[in-house]
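As a plain string of letters, each chain reads:
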Amino acid sequence: MLPPGLRSPREVTLYYDEVYFSLINSGQAVPFVYPWATAGAALVLLYLLIDHRKFPALAWARFPVFGLLLAFQAWCIATNRARSPAAAFGVGLISSWGTLWVAAIMVANDCQVDFKRIERTSDDAVNEAVAPTENGNRTNGVVQGQLGSLNIRQRKPPADSEPSTNFRDALRNRNDRLYWQSYPASPFSARVSWVADVFCSFRGVGWTWQTSGIPPPPRWVEAELQATDNDVNVGDDRGSEELMVSRTGIRRYADRSALLTNTAVSLIIGYILLDGIKTMMHRDPYFWGTYRLLLSLAGIYTALWTIFKLGPACFCGVLGPTWLVVRGEAWMNPADMFGSYNMVLTKGLAGWWGGWWHQTFRLAFEAPTVRLLEVTGIDKRSISGKALSLFIAFFLSGSLHASGSYTQLGDTRPLLGPMRFFLLQAVGILFQNVTTQQLKRAGVIDKCPKLLRQATNFVLVHIWLYHTAPLLVDDFAKGGIWLFEPVPFSPLRGLGYGAPDDQFFAFWNGLAWWRNGEHWWDTGIAL
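The structure presented is a predicted model; accordingly, all values stated were derived computationally and were not measured.

(A) Looking closely at the overall build of the chain. From N to C terminus, the chain includes 20 helices and nine strands. Of all 527 residues assigned to the chain, the portion counted as buried reaches 50%. A fraction of 72% describes how many contacts in the chain between residues 6 or more apart in sequence connect residues 24 or more apart. For the chain, the exposed surface amounts to about 25300 Å²; the carbon and sulfur share of it is 64%.

(B) A look at a nonpolar patch on the surface. Taken together, the side chains of Phe315, Val318, Leu319 and Trp323 make up a nonpolar region of the molecular surface, amounting to roughly 450 Å² of accessible area. Positionally, leucine 319 belongs in helix H12 (residues 289-324). Taking the relative accessible area as the measure of exposure, leucine 319 reaches 31% and is therefore partly exposed.

(C) Examining the UniProt feature "transmembrane region" (unreviewed entry) in the chain more closely. Under the present numbering, the feature "transmembrane region" (unreviewed entry) in UniProt falls on residues 32-50, 57-75, 87-108, 257-274, 286-308 and 387-409. A helix fraction of 100% and a strand fraction of 0% characterise residues 257-274, whose end C-alpha atoms lie 25 Å from each other.

(D) Expanded view of the nonpolar core. With 35 residues, the main nonpolar core has Val44, Met106, Phe115 and Trp194 as its most contacted residues. Looking at this core, the elements that each hand over two or more residues are helix H2 (39-48), helix H4 (62-79), helix H5 (85-107), helix H9 (188-200), helix H15 (362-376) and helix H16 (383-406). With eight residues, the single largest contributor to this core is H5. Counting 31 residues, the second-largest nonpolar core is a separate cluster that includes Phe89, Trp353, Val473 and Trp482.

(E) Expanded view of the sheet that holds strand S9 (residues 524-526). Strand order in this open sheet of three strands is S2-S9-S8, and the pairing throughout is antiparallel. The open sheet has two edge strands with one neighbour each: strand S2 (33-34) and strand S8 (513-515). Sheet analysis places S2 next to S9, joined by two bridges and oriented antiparallel. By the bridge assignment for S9, valine 33 is matched with alanine 526.

(F) Representation of unusual backbone geometry. A cis geometry characterises the amide bond from tyrosine 34 onward to proline 35, with omega recorded as 15 degrees. Mapped onto the elements of the fold, proline 35 is located in the loop between S2 and H2. If you check the backbone angles, valine 325 has positive phi at about 55 degrees while not being a glycine. Mapped onto the secondary structure, valine 325 falls in the loop between H12 and helix H13 (342-347).

(G) Quick peek at the pattern of salt bridges. Evaluation of the coordinates by the stated rule reveals 16 salt bridges. Taking the shortest distance from any N to any O, the salt bridge between arginine 362 and glutamate 366 comes out at 2.9 Å. You can see arginine 362 and its partner glutamate 366 sitting in helix H15, four residues apart, about one turn around the helix. Overall, the relative accessible area of 22% leaves glutamate 366 in the partly exposed class. Via salt bridges that share partners, Arg117, Glu119, Asp197 and Arg327 belong to a single interconnected network.

(H) Local environment of the pairing of strand S4 (residues 117-121). With respect to burial, S4 is a largely interior element, five of its five residues being buried. Bridge analysis of S4 against strand S5 (residues 177-181) gives five bridges, and the strand direction is antiparallel. The partner of threonine 121 across the bridge, within S5, is arginine 177.

(I) How the structure looks around the side chain of glutamine 73. Topologically, glutamine 73 is positioned in helix H4. In this structure, glutamine 73 is in contact with Ile94, Ser95, Gly98 and Thr99, ignoring residues within four places of it in sequence.

(J) Expanded view of the packing of aromatic side chains. Summed over all chains, the structure comprises 38 aromatic pairs. Seen from their ring centres, tryptophan 101 and tryptophan 209 are 5.8 Å apart, and the 55 degrees between their planes marks the pair as tilted. Taken together, the residues tryptophan 101 in helix H5 and tryptophan 209 in the loop between H9 and helix H10 (219-226) connect sequence positions 108 residues apart. According to the relative accessible area criterion, tryptophan 101 is buried, its value standing at 2%.

(K) Representation of the packing of H5 against H16 within the structure. Running from N to C, H5 and H16 point in directions that differ by 145 degrees, and their axes come no closer than 6 Å. As for the relative orientation of H5 and H16, their crossing is right-handed in sense. The segment H5 lies against H16, with Ala88, Phe89, Gly92, Leu93, Ser96, Trp97 and Leu100 engaging Leu396, Ser399, Leu400, His401, Ser403, Gly404 and Ser405. Residue composition of the contact of H5 with H16, grouped by class: seven nonpolar, seven polar and no charged.

(L) Region of the structure containing the environment of phenylalanine 361. By the secondary structure assignment, phenylalanine 361 is in the loop between helix H14 (349-356) and H15. Residues phenylalanine 361 and phenylalanine 202, spaced 159 residues apart in sequence, show a C-alpha to C-alpha distance of 6.7 Å. With residues near it in sequence (within four places) discarded, phenylalanine 361 still touches Trp97 and Leu400.

(M) Inspection of H10 at higher detail. Burial analysis of H10 places six of its eight residues in the buried class, the great majority of the element. Taken together, the buried positions of H10 are Trp220, Val221, Glu222, Ala223, Glu224 and Leu225. Elements that come into contact with the buried residues of H10 comprise S4 and S5.

(N) Layout of the environment of tyrosine 466. With respect to the element layout, tyrosine 466 can be found in helix H19 (residues 450-479). Measuring from C-alpha to C-alpha, the distance between tyrosine 466 and leucine 294 comes to 9.3 Å, with 172 residues separating the pair along the chain.

(O) Highlighting a positive patch on the surface. Together, Arg247, Lys347, Lys440, Lys450 and Arg453 make up a region of like positive charge exposed at the surface. Assignment of secondary structure puts arginine 247 in the loop between strand S6 (243-245) and strand S7 (251-253).

(P) Highlighting the confidence of the model for the chain. Scored by pLDDT, the chain comes out at a mean of 83, with 84% of its residues at no less than 70. Ranking the elements of the chain by mean pLDDT puts helix H8 (residues 165-172) last with 38 and H4 first with 96. In this model, residues 155-174 is a region of pLDDT below 50 whose contacts with residues beyond four sequence positions or in other chains number 49 contacts.

(Q) Focus on the environment of tyrosine 271. Within the element layout of this structure, tyrosine 271 appears in helix H11 (residues 256-282). For the pair formed by tyrosine 271 and phenylalanine 489, sequence separation is 218 residues and the distance between their alpha carbons is 9.7 Å. Look past the residues within four positions of tyrosine 271 in its chain and what remains in contact with it is Thr306, Val487, Pro488 and Phe489. At 2.6 Å, the side chain of tyrosine 271 and the backbone oxygen of phenylalanine 489 are in polar contact.

Conventions adopted
- Residues numbered from 1 in each chain as written.
- Predicted model: local features only at pLDDT ≥ 70, side-chain atom pairs only at ≥ 80, totals over all residues.
- Heavy atoms only, no water.
- Helix = DSSP H or I, 4+ residues; strand = E, 2+ residues; numbered from the N terminus.
- Buried < 20%, exposed > 50% of the residue type's maximum accessible area, 1.4 Å probe, protein only.
- Contact = heavy atoms within 4.5 Å.
- Areas by Shrake-Rupley, 256 points an atom, 1.4 Å probe, with all protein chains shown as cover.
- Patch = residues over 30% accessible without salt bridge, like charges linked within 9 Å, V, L, I, M, F, W, Y side chains within 5 Å.
- Salt bridge = Lys/Arg side-chain N within 4 Å of Asp/Glu carboxyl O.
- UniProt positions renumbered as here; feature names shortened; annotations may be inferred.
- Core = buried A, V, L, I, M, F, W, Y, C linked by side-chain atoms within 4.5 Å.
- Pairing = 2+ DSSP bridges.
- Phe/Tyr/Trp six-rings, centres within 6.5 Å; stacked < 30°, edge-to-face > 60°.
- Axes fitted to C-alpha atoms, helices over the stretch in contact; angles between N-to-C directions.
- Left-handed = near helix turned anticlockwise from the far one by under 90°.
- Nonpolar A, V, L, I, M, F, W, Y, C, P; charged D, E, K, R; others polar.
- Lys, Arg positive; Asp, Glu negative; His and termini not counted.
- Charge placed at Lys NZ, Arg CZ, Asp CG, Glu CD.
- pLDDT = per-residue confidence, 0-100.
- Polar contact = N/O pair within 3.5 Å; in protein donor to acceptor, adjacent residues only side chain to side chain.

Here it is in structure tokens:
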């Protein structure tokens, strides 16, 4: 509990400063310091830079390497703390997410064998890439290994074994050919690029395991990747698709100027909304009731929505193809991370979490379940298979957010708060799905107008979230995560609409600074 007499967010922030330094100075906690905090990730990256595809012993070594990462990240969660309340949440979130992500790409899958990405290359590299291998298949073709068992969108060229003569002639006249790049044997710089990409591509855009909900690339890209006779004239079709929209409402622009225009407008809108939401939060000491739940949802959604817009702005706008080659092109940077709200109206609570909300963590939540279903022999389409997949995914999501709750400086309840909230979402989805199936069998749903079905989904979803969301929102408030300043300059607070001690300049005080510790491992950039 916060001590009495704190009258503004600034005073609460100063109180948490005292708590942080008290924990560090007494030895009850360890400062979260870079670069030491990256030791686990560095070990994984170094291992992935070693080609183990032809060495079974090295391939098996990925399991003990993951074990070392797991131990290090668990130590970080148990002992490391950060000064800023938002950064303190990030300590647990980042540590647990790193563990889940490495488990997905290195344990549930062997990324060196199972994954390929889209790359743009020179003629010589393309001719080598499309040359038949010993078994008669092209190396830029079918994905090998265990990936086929994953229920994730895959991009595969056709099964024809040999490109036509016309296609080879066309390749000689092009120097920007797209192809599927496996784990590079050489040069080493290409391997570094490949490993860094797989380590950071959480949604799999441009990879063979691209997650569901993201639109496919433009047709001319698919045509180049398929390597058929029709590819001779693929360059003539590049302006035919400026915008692709998936079934969940996520947009993918093919035109760079259109993407950057959308991103710029979104960032401006997001900045204004964040300033307004943060100003209202500064006038409210705590979040309870309908008004505060809506404000919390608006704060979470707007903050994530705006932050995600920085991706296209940076990768496509600032760096672009000049620096990132194909990964700097517009079609490789989907404009949206959130889907259409229509998914909630049509799918209910499952549509909220599986279509409308961002799917950044989807692969890490799905991959362990896929392997478990394979081992146990449970049909993924059966009720037990769907229930197992559902509860494992939300358990992992609960673990992710509970870890962040645990490392916060406030009086949080990781298991009774975030973990319970996410497990209840699985209960709600399972209940709604089973009920919907029973009503379909009885013929009730088919007789109901579409508008009535959508209204029912809307009401049921928001009633469920009204009663369960406080478990998460209250824990955020108790931990101090709402004290984070999302905008450096606040026009509204500068005009006096915030707390009495608010100012126009609202920079992230204490978010990061240089720390001189007693040893090399506790010296660096502290959060």
